[in-house]
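For reference, the chains in residue letters:
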Amino acid sequence: MQLDAKIPSGALEQKWNNHCFELKLVNPANKRKFHIIVVGTGLAGSSASASLAELGYQVSTFCIQDSPRRAHSIAAQGGINAAKNYQNDGDSIFRLFYDTIKGGDFRAREANVYRLAQLSTNIIDHCVAQGIPFAREYGGQLANRSFGGAQVSRTFYARGQTGQQLLLGAYSALSRQIAANKVTFYSRRELLDIVLINGQARGIVVRNLVTGHIESYAADAVVLATGGYVNIFYLSTNAMACNVTATYRAYKRGALFANPCFTQIHPTCIPVHGTYQSKLTLMSESLRNDGRVWVPKNPNDNRTPDQIPEAERDYFLERKYPAFGNLVPRDVASRSAKQMCDQGYGVGSTKLAVYLDFEDAIKRDGKSAIEKKYGNLFQMYEKITGVDPYENPMMIYPAPHYSMGGLWVDYNLMSTIDGLFVLGEANFSDHGANRLGASALMQGLADGYFVIPYTIGGYLASTSIQKLSNEHPCFKDAEKQSSDMINALISINGKRTAFDFHRQLGRILWDACGMAREEKRMETAQHQIAELKDEFYKNLCIPGSPSTFNQSLEKAMRVADFLDFAQLMLEDAITRKESCGCHLNEAYQTPENEPLRDDEHFCHVAAWEYTGENTSPKRHIEPLSFENVKLSQRSYK
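Treat the numbers as computed from the prediction; the structure is a model and nothing was measured. Within each chain, residue numbers correspond to sequence positions counted from 1 in written order. Reporting of local features is limited, given that this is a predicted model, to residues whose pLDDT is at least 70; pairs of side-chain atoms are given and counted only at 80 or more, and all residues count toward the totals for whole chains, interfaces and linings. Processing note: side-chain calculations cover all non-hydrogen atoms of the structure and skip hydrogens and water entirely.

### Quick notes on the pattern of salt bridges
Counted as salt bridges are all cases of a side-chain nitrogen of Lys or Arg within 4 Å of a carboxyl oxygen of Asp or Glu. Applying the stated criterion to the full structure yields 50 salt bridges. Two residues, Lys-338 and Asp-342, come together in a salt bridge whose shortest N-O distance is 2.7 Å. Of this pair, Lys-338 and Asp-342 are both found in helix 9 (residues 330–342), four residues apart, which corresponds to roughly one turn of the helix. Within this structure, Asp-105, Arg-107, Asp-331, Arg-335, Arg-576, Glu-578, Glu-594, Arg-597, Asp-599 and Arg-634 form a network of salt bridges that share partners. Strands are runs of DSSP state E lasting at least two residues, helices are runs of H or I lasting at least four, and both sets are numbered from the N terminus onward.

Right, here's the structure in full:
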C-alpha cells in the first residue's frame, strides 16, 4: 500500500492557503443535500459539528455521554497554545512550529505541524469572540504563561479550567445548531462499526446505551472524533469512558493505525494510593511555572519536607536541564522523576513520588497571586489527598495521559478509508513521539473549526456518492455482526469481571510498554496478553441482558478491543528499534540516558494494516522529510 499524505506543494508558509484555494467547493445551496455523521462531542467533535452545520450541511452527531459537557476535553487544565507573541518575547508561528516538531522528537509531518501553528492565532480570536473567559493582565490584555518545551510564554488559560471553558464554547455553538434543527443529536450511543459500501464510509452502527438496541445510520461521510486510548493502561488520567473501540473498529474495516505505541506519560499526576484505584488525577503542567520539583539528596530520607534544609534538597530538573529547568517537556520530566525514584530517592509511603514545591513562589509573589493562578487546582489536590499545598509540597508521579498514535490520516484528515475523516486525539497527525503541553486543545479546535470544513467539502465535491439509506444490505449485515458479537460475550457466563481483566492487562502493559521498554519484557508481555485474552473469552462474567441498560456489557466490549489493541501496541513498540520522545527503549540511549533516535532507519510513520483475526498485521511506512528544520538530537540543557 502506497501512503499518499497529499501534502500540497509550495513553500511551507503557503501550503495551507494554497490548498484551501485549490480544493473543490460545494455550492452553498448544495451543502444541505449532503449528510455528515460526526462521532464524538469533545472539542474536536463539537466544533466540527457546529462548523459543518453552520455551513449548511445536514449533521448527525453522536455522543457516548448524556451531554457533550461530559467529554474528556473538559479535564484539560493548564491552557491552549497560540503564536500571538503578546509578551513580545520572541514568539512566532515558525517558533511554535519548531518547538512542536522538536518536542515531538522529529516524528511528525512538517506540513501538518506548520498548519497547526498557523491556525493557532485564529483559534484564540475565535474563542475570545465566543466569550471564553481567558485570564487577562491588569490592563485588559490576554495573559500568557509558559509550558514545557518552550522558552516563551504562549499559553492562554482560564485558571485551571481551560478545557472546560473551551468545551462550553464549542458546546454552545453546537447547541445553537441543534436548536436550529441543523444538527440531529443522539446521546448515549456508542459506535460499534463503520459501514463501508464500494470502499466508502457511508454510515455507522451504534448501540443505544439506555435501551440496548443496535441502530444504524447512513450518511455521505463519517467523521470520527472519539479521543485517545491510554485507558488501555487501566490507570490513567483519562475519563472512565475513554476507549479505543471506535478507532479499533475502523482499523478492522481497513483504516491504517499509525504509531500505536506512541503514548504520553504526564509527569504531574497525583500518585497511586491504592490497589483498587480506578483512575488517576492530573495536576496541570502549568504548576511547573512556579512549583519546583525536588527530592532529598539522601536516599530513603524519611523526614517531612519542612525538616529537610535547602542544602539537602536535589532540584534535579534544574540541575540536569539548566536552560529549561522545571519546564522541560513532559517526557523529559517523567523519565527524570522515574529515574530518581528507581534510584531510591522517591518520597511518600510508596516511594513512588517526588515533591512539587511552591514555597519559594509564595514567598516571592504572595499566597494571593498563587491562588489567583492555581486556586482551583490547589483545592482539588487538597480534597483528594488531605494535604494543603500552600503549607506542604504536592507529591507527584508520572502517569499515562495522552495518545499520540491514532488512525493514519492524510493532510485532509482523511483515513485510508474514503470518506472516513479523523479529528483530534483519534488521529496521529500533529504531535510525533511526544505532545507538548497545551497543544491538545489547539489541535482539537484547529481540526474542528478550521480544517475539516474545508477538506470534507473538497471530498464531497470531487467524489461520486450514491444516495442510500440504512436499509441497504451492508447496514443489516453490520448490525448482525455487532449483535452476534454481543451475544457471544454474554454467553460466556464465566466468573471474572471485565474490570478484573482490564486491571491485569493494564499492569502487564505498563510494566512492558510504559515509560521504559525492553524487547524481552515486551515479548513476554505479548504471551501474557495472549493468555489473558484466551481466559477472557472463557471466563468473562457479564450479568444482565444485552437488550437493556448494561454497563458491564459496555465495559466488556471495550476491554475486548483493548486486549486486541495491546498486541498491536507491543508489535509497534518492538519493531521501532530506537528511542524517541516518550518512548525510551533501554537498548537505545545516549551516555546521559537520554533517548537515542535512529533517523536512518526510523524517520517515518509506522502505519499498520489489519489482516484478519490471529494473523500478524502488515506494517507500512510514510517517510518523513525535514526541509525547514534540521534533524538534531534534542537537548533541553
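Having seen it, we continue.
### So, the domain arrangement of the protein
You can read the domains of the protein as domain 1 (266–399) and domain 2 (473–598). Domain extents, as shown, originate in an automatic or database domain assignment. When each unit is reduced to the centre of its C-alpha atoms, the spacing between domain 1 and domain 2 is 31 Å. Across the boundary between the two partners, domain 1 contributes ten residues, which contact nine residues of domain 2. Regarding the contact of domain 1 and domain 2, the summed buried area is about 830 Å², with carbon and sulfur atoms giving 61% of it. Here the quantity called buried area is the accessible surface, traced with a 1.4 Å probe, that two parts lose on coming together, added over both. The largest share of the area that domain 1 buries against domain 2 comes from Asp-331, Arg-335 and Lys-338, three residues that together contribute 50% of it. Run the count over domain 1 and domain 2 and you get one salt bridge. Throughout this description, a polar contact denotes any pair of N or O atoms lying within 3.5 Å of each other; where both atoms belong to protein, one of them has to be capable of donating a hydrogen while the other can accept it, and for residues adjacent in sequence the pair is counted only when both atoms sit in side chains. Between the two partners, domain 1 and domain 2, sit two residue pairs in polar contact (both at pLDDT 80 or more). Residue contacts are counted whenever heavy atoms from the two residues lie within 4.5 Å of one another.

### Quick word on the packing of helix 14 (residues 498–513) against helix 15 (residues 519–539)
Helix axes are fitted only over the stretch in contact, all axes being lines through C-alpha atoms; the angle between N-to-C directions runs from 0 to 180 degrees. At a closest axis distance of 9 Å, the pairing of helix 14 and helix 15 adopts a crossing angle of 170 degrees. One finds that helix 14 runs roughly antiparallel with respect to helix 15. Note on element contacts: helix 15 touches helix 14 through Arg-521, Met-522, Ala-525, Gln-528, Ile-529, Leu-532, Glu-535, Phe-536 and Asn-539, opposite Phe-501, Gln-504, Leu-505, Ile-508, Leu-509, Asp-511 and Ala-512. Gly counts as polar in this scheme, as do all residues outside two lists: the nonpolar Ala, Val, Leu, Ile, Met, Phe, Trp, Tyr, Cys and Pro, and the charged Asp, Glu, Lys and Arg. Split into classes, the residues belonging to the contact of helix 14 with helix 15 amount to ten nonpolar, three polar and three charged. An angle counts as roughly parallel when it lies under 35 degrees, as roughly antiparallel when it exceeds 145, as roughly perpendicular when it falls between 65 and 115, and as oblique in every other case.

### Digging into the packing of aromatic side chains
Stacked, tilted and edge-to-face pairs are distinguished by plane angle, under 30 degrees for stacked and over 60 for edge-to-face with tilted covering the rest, among Phe, Tyr and Trp rings (Trp via its six-membered ring) whose centres lie within 6.5 Å. Considering all chains together, one arrives at 29 aromatic pairs under this definition. Seen from their ring centres, Phe-62 and Tyr-186 are 4.7 Å apart, and the 10 degrees between their planes marks the pair as stacked. In this pair, Phe-62 sits in strand 2 (residues 58–62) while Tyr-186 sits in strand 5 (residues 183–186), placing the two residues 124 residues apart along the sequence. Arg-145 extends its terminal NZ or CZ atom over the ring of Tyr-157, reaching a point 3.7 Å from the ring centre. The cationic tip of Arg-435 hangs over the ring face of Tyr-402; the distance from NZ or CZ to the ring centre is 4.1 Å. Here, a charge over a ring is recorded when the distance from Lys NZ or Arg CZ to the ring centre is within 6 Å and its angle to the ring normal is within 35 degrees.

### Details of empty space enclosed by the protein
Put simply, the grid is 1 Å and covers the protein atoms alone, a cavity is a trapped set of points that fit a 1.4 Å probe, a pocket is an open set with protein on both sides within 12 Å along at least five of seven lines, and lining residues have an atom within 4 Å of a point. Grid points are joined across faces, edges and corners, and a volume is the space filled by probe spheres set on the points. Overall, the coordinates contain nine cavities of 30 Å³ or more when judged by the stated rule. If you add up the space inside the second largest cavity, you get close to 50 Å³. Considering the residues around the second largest cavity, the lining is formed by Cys-261, Arg-517, Ala-573, Arg-576, Glu-578, Cys-580, His-583 and Asn-585. Its residues assigned to classes, the lining of the second largest cavity shows three nonpolar, two polar and three charged.

### Describing the pairing of strand 12 (residues 292–296)
Accessible area is worked out with a 1.4 Å probe on protein chains only. A residue is then buried under 20% of its type maximum, exposed over 50%, and partly exposed in between. Among the five residues that make up strand 12, four are buried, leaving the element largely enclosed by the rest of the structure. Relative to strand 13 (residues 313–314), strand 12 runs antiparallel, the two being bridged by two bridges. Paired with Pro-296 across the two strands is Arg-313, which belongs to strand 13. Paired strands are those between which DSSP finds at least two bridges.

### Structural notes on the sheet that holds strand 16 (residues 406–407)
Strand pairing in a sheet relies on backbone hydrogen bonds, with the paired strands running either antiparallel or parallel. On the basis of which strands lie adjacent, the open sheet formed by four strands has the order 16-10-20-21 and antiparallel pairing. Edge positions in the sheet fall to strand 16 and strand 21 (618–623), since each has one partner strand and no second. Where helix 16 (residues 551–575) meets the sheet, its contacts fall on strand 10 (257–258), strand 20 (604–609) and strand 21, and the angle it forms with strand 20 comes to roughly 145 degrees.

### Notes on the nonpolar core
Note on terminology: a nonpolar core comprises buried Ala, Val, Leu, Ile, Met, Phe, Trp, Tyr and Cys residues joined through side-chain atoms within 4.5 Å. By size, the foremost hydrophobic cluster in this structure holds 151 residues, and its most contacted members are Ile-80, Ile-204 and Leu-224. The element contributing the most residues to this core is helix 16, with 14 residues. With residues up to four places along the chain from it excluded, the contact list for Leu-224 reads Val-39, Leu-191, Ile-194, Ala-246, Ala-250, Leu-407, Leu-420, Phe-421, Val-422, Leu-423 and Ala-426. Membership of the second largest hydrophobic core comes to 32 residues, among which are Phe-324, Tyr-381, Tyr-390 and Tyr-636.

### Describing the packing of helix 3 (residues 43–55) against helix 12 (residues 440–462)
Closest axis-to-axis distance for the helix 3/helix 12 pair is 8 Å, and the angle between their directions is 30 degrees. For the element pair helix 3 / helix 12, the angle class is roughly parallel. Judged by the sense of rotation from one axis to the other, the crossing of helix 3 with helix 12 is right-handed. Residues Leu-43, Ala-44, Ser-47, Ala-48, Ser-51, Leu-52 and Leu-55 of helix 3 form the contact with helix 12, whose participating residues are Leu-441, Gly-444, Leu-445, Gly-448, Tyr-449, Ile-452, Pro-453 and Ile-456. Handedness of a crossing is defined here by the sense of rotation of the near helix relative to the far one, left-handed for an anticlockwise turn of less than a right angle and right-handed for a clockwise turn.

### Section: helix 15
Compared with the 30 Å implied by 1.5 Å per residue over 21 residues, the 30 Å span of helix 15 between its first and last C-alpha is a close match. Three or more residues of helix 15 are buried, namely Met-522, Ala-525, Gln-526, Ile-529, Leu-532, Lys-533 and Phe-536. For helix 15, the angular spread of the buried residues around the axis is 135 degrees, confining them to a single face. Among the exposed residues of helix 15, those pointing more than 90 degrees away from its buried face are Lys-520, His-527, Glu-531 and Lys-538. In this structure, the buried residues of helix 15 make contact with helix 13 (473–490), helix 14, strand 18 (516–517) and helix 16. In this analysis, the expected span of each helix is defined as 1.5 Å times one less than the number of residues it contains. The arc in question is traced by the directions running from the helix axis to the C-beta atoms.

### Here's the deal with the environment of Gly-612
Looking at the secondary structure, you find Gly-612 in the loop between strand 20 and strand 21. Its relative accessible area of 18% is what places Gly-612 among the buried residues. Gly-612 sits 317 residues away from Val-295 along the chain, and the two C-alpha atoms are 49 Å apart.

### Regarding the pairing of strand 20
For strand 20, the tally of buried residues reaches five of six residues, placing the bulk of the element in the interior. Two strands pair when backbone bridges link them, and strand 10 and strand 20 are joined in this way by two bridges, in the antiparallel orientation. Paired with Phe-257 across the bridge in strand 20 is Trp-608. Bridge analysis of strand 20 against strand 21 gives six bridges, and the strand direction is antiparallel. When the sheet's bridge partners are listed, Ala-606 is paired in strand 21 with Ile-621.

### Remarks on the state of the cysteines
Each disulfide is one covalent bond, formed between the sulfur atoms of two cysteines. Count a disulfide wherever a pair of cysteine sulfur atoms falls within 2.5 Å. This model, assessed by the stated rule, comprises zero disulfides. In this model Cys-261 remains outside any disulfide bridge; the closest cysteine sulfur is found in Cys-513, 5.9 Å from its own. With a relative accessible area of 2%, Cys-261 lands in the buried category. Cys-580 takes part in no disulfide bond, and the closest cysteine sulfur, belonging to Cys-261, lies 7.2 Å away. Using a relative accessible area of 1% as the deciding quantity, one classes Cys-580 as buried.

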